[in-house]
Amino acid sequence: MPTVEDVPARLLLGSGPSPVPYRILKALSHPTVGHLDPAFGALQDDLAARLRRVMKTTNKVTFPLSATGSGGMQAMVDTLIAPGDRVVVGVHGAFGGRMADALGRAGADVVKVEQQWGRAIEVERLVEAAADEATRALFVVHGETSTGVAQPLDGLADAIHGHDGLLLVDCVTSLAGHPLDLDAAGVDAAFSGTQKCLNVPPGLAPFTVGDRALARLRRRSWYFDLQAMVDYWFADGPRAYHHTAPINMIYALHEGLRIVDEEGLEARWARHAVAHEALRQALAVFGFERFAPDGEQLSSLLAVQIPEAVDDAAVRGALLQDFGIEVSGGLGPLAGRAWRIGVMGEGANQEPQERLVRAVAGLIGGDEAAAVRALAEGWAAA
Ligand SMILES: *Cc1c(COP(=O)(O)O)cnc(C)c1O
């Protein structure tokens, strides 16, 4: 009979979860209090203020939903979209496809703007599709974790706000790892996740919603009833119970946000960009090539094409079993052809990256010294 002690520690360099630092594990094990405890309330208020800073928004309604990132997506659909709404969805990978699916199930009139996997969507094509006056919302994935591509947001808000539509964004993998200013981009609502660049275990979905979106709020979902969340998180008087907040996860997220604040958001973005480029150069020594062209890459995720001679499943299996390192395989059309390597928070450092580079060299027989040197040069260039 296994216990948790039988689950080994891993170096998590896949698409998430990412490495959880000791400080966050310690916060998780802090004694649980009640969800209406005033001391906990003070922590919630501070968490919301920190989350606004990391999301770069002044939206009052900025808090973690009790769900994983996908729950954030579902909450967005359930609370901001009505059946029959025309919604333009950018699809340039698996996560845009999931949103199109969720919207379709909710009865929205989904208009996909598709792009080949591995490229960003041309903003002009999104603008053109959103120009139709009937468009109620435009959704894009800022950091496409299936391909390692960052989607530019400039110009999208103007295209949709002209007829009072909403700009909706998935920033699960980009938040705290890739430059993102939600207010500057005119984003009306966005969701994220805790287990990517925040280095908190999976389980919460940071969520923000601004006034334009709040004016359209629907209460179709019982669990994701945003008004009920507002009455708990942002009550003027006593907080109203809706569901029991995941207390210890909120401790963990608070600690994760403190770590971001200590480093500084801009410094953290810069470190992720350096880490991404250093690892790209090191893996290029073995023949791994990034899918995203220069300028379209997402700092927090390096998706590479694996060399012909490398057996994807065998090498990733050995990385995990023999070296305790997790990297992710390709999704959809990239299955068997790609590795997706997380460059997320604690993982975006030279030491864990060197462990990966040395392990890969040991398994596929590349020039280990040259790759380690390329990694060091990438970090030295910072
Ligand atoms: C991980 C991820 C999600 C889903 O988050 P879960 O926590 O797995 O539910 C959604 N969008 C993107 C871009 C992601 O990387």
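Note that the structure is a prediction, hence the values are computed from the model and not measured.

Calculation criteria
Residue numbers here run from 1 along each chain, matching the order of that chain's written sequence. Local features in this predicted model are restricted to residues whose pLDDT is 70 or higher, and side-chain atom pairs enter the listing and the counts only when it is 80 or higher, whereas totals over whole chains, interfaces and linings include all residues. Think of the side-chain values as coming from all heavy atoms in the structure, minus any hydrogens and water. Here, any two strands with at least 2 DSSP bridges between them count as paired. What counts as a helix is a DSSP run of H or I of at least four residues, what counts as a strand is a run of E of at least two, and both are numbered from the N terminus. What makes two residues a contact is simply this: any of their non-hydrogen atoms within 4.5 Å. To define axes, lines are fitted to C-alpha atoms, for helices over the stretch in contact only, and angles between the resulting N-to-C directions are given on a 0 to 180 degree scale. Polar contacts here mean pairs of N or O atoms no more than 3.5 Å apart (in protein, one a potential hydrogen donor and the other a potential acceptor; neighbouring residues in sequence count only if both atoms are side-chain atoms). What we call a nonpolar core is a set of buried Ala, Val, Leu, Ile, Met, Phe, Trp, Tyr and Cys residues that are connected through their side-chain atoms within 4.5 Å. A 1.4 Å probe rolled over the protein chains alone gives each residue an accessible area, and that area as a share of the maximum for its type sets the label: buried under 20%, exposed over 50%, partly exposed in between. All the domain ranges listed were derived from an automatic or database domain assignment. Consider each residue's heavy atoms; a residue with any of them within 4 Å of a molecule or strand counts as near. Note on areas: these come from Shrake-Rupley sampling with a 1.4 Å probe, and a residue is covered only by the protein chains present in the view. In this analysis the probe radius is 1.4 Å and the grid spacing 1 Å, with only protein atoms considered; a cavity is a set of points the probe fits into but cannot get out of, a pocket is an open set with protein on both sides within 12 Å along at least five of seven lines, and lining residues have an atom within 4 Å of a point. More than half of a molecule's atoms within 2 Å of the grid points is what it takes for that molecule to sit in a cavity or pocket. We define buried area as the total accessible area lost by two parts upon association, computed with a 1.4 Å probe and summed across both. Grid points are joined across faces, edges and corners, and a volume is the space filled by probe spheres set on the points. Classification used: nonpolar for Ala, Val, Leu, Ile, Met, Phe, Trp, Tyr, Cys and Pro, charged for Asp, Glu, Lys and Arg, polar for all others including Gly.

**Student:** So what's going on with the sheet that holds strand β11 (residues 289-290)? Residues and values would help.
**Tutor:** If you trace the 4 strands from one edge of the open sheet to the other, you get β11-β12-β15-β14, paired in antiparallel fashion. The two strands at the open ends of the sheet, each matched to only one other strand, are β11 and β14 (328-329). As defined by bridge partners, β11 adjoins strand β12 (residues 301-305) across 2 bridges and the pair is classed as antiparallel. Looking across to β12, one finds that Glu-289 is bridged to Gln-305. The sheet contacts of helix α11 (residues 312-323) involve β14 and β15 (338-342), and relative to β15 the element is tilted by about 25°.

**Student:** Describe the side chain of Thr-79, and please don't skip the residues or the numbers.
**Tutor:** Positionally, Thr-79 belongs in helix α3 (residues 69-80). Within the structure, Thr-79 has its side chain in polar contact with the backbone oxygen of Ala-75 (distance 2.6 Å). Not counting the four nearest positions on each side in its chain, Thr-79 is found in contact with Arg-216, Leu-217, Arg-218, Phe-224 and Leu-226.

**Student:** Give a description of the nonpolar core that names residues and reports values.
**Tutor:** Burial of nonpolar side chains together is a common tendency in soluble globular proteins. Formed by 93 residues in total, the largest nonpolar core has its most connected members in Met-76 and Leu-168. At 9 residues, helix α9 (residues 247-263) tops the list of elements feeding residues into this core. Counting the residues that make up this core, at least three belong to each of domain 1 (10-15 + 265-380) and domain 2 (22-262). The contact partners of Leu-168, leaving out residues within four places of it in the chain, are Met-76, Leu-80, Ile-81, Ala-137, Leu-138, Phe-139, Val-140 and Ala-189. Residues Ala-278, Phe-288, Leu-319 and Ala-348 belong to the second largest nonpolar core, which totals 31 residues.

**Student:** Lay out the site of the ligand in plain terms, naming residues and giving numbers.
**Tutor:** Close to the ligand lie Thr-68, Gly-69, Ser-70, Phe-95, Val-141, Gly-143, Thr-145, Asp-170, Val-172, Thr-173, Gln-195 and Lys-196. Contacts to the ligand include Thr-68, whose side-chain N or O atom sits 2.7 Å from an oxygen atom. A distance of 2.7 Å separates an oxygen atom of the ligand from a polar side-chain atom of Gln-195. Within the complex, the protein chains bury 88% of what would otherwise be the 380 Å² of accessible surface of the ligand. At a threshold of 2 Å from the grid points, most atoms of the ligand map onto the largest pocket.

**Student:** Residues and numbers for the domain arrangement of the protein, please.
**Tutor:** When its domains are assigned, the protein resolves into domain 1 (10-15 + 265-380) and domain 2 (22-262). Here the C-alpha centre of domain 2 lies 28 Å away from the C-alpha centre of domain 1. Taken together, the 25 residues of domain 1 in the interface contact 30 residues of domain 2. For the pairing of domain 1 and domain 2, the buried interface totals around 2200 Å² over both sides, and the portion due to carbon and sulfur atoms is 61%. If you sort the residues of domain 1 by the area they bury against domain 2, Trp-269, Glu-296 and Leu-298 come out on top, with a joint share of 29%.

**Student:** I'd like to hear about the environment of Arg-220, residue by residue, with values.
**Tutor:** Its location among the elements puts Arg-220 in the loop between α7 (211-214) and α8 (226-233). Each C-alpha atom, one on Arg-220 and one on Leu-334, is 36 Å from the other, the two residues being 114 residues apart in sequence. Sequence-distant contacts of Arg-220, that is, excluding residues within four places in its chain, are made with Val-77, Asp-78, Ile-81, Pro-83 and Ala-106. Looking at Arg-220, its side chain comes within polar contact range of the main-chain oxygen of Val-77, at 3.4 Å.

**Student:** Help me get a handle on the layout of surface pockets, residues and values and all.
**Tutor:** Of the voids in this model, the largest pocket is the one considered here, and its volume is about 290 Å³. Residue lining of the largest pocket: 18 residues in total, with Ser-70, Phe-95, Arg-98, Gln-195 and Lys-196 positioned closest to the centre. Counting only elements with at least two residues in the lining of the largest pocket, the list comes to α3 and α4 (94-105). Here the residues of the lining of the largest pocket are counted per class, giving 5 nonpolar, 9 polar and 4 charged. For the lining of the largest pocket, the domains that each give at least three residues are domain 1 (10-15 + 265-380) and domain 2 (22-262).

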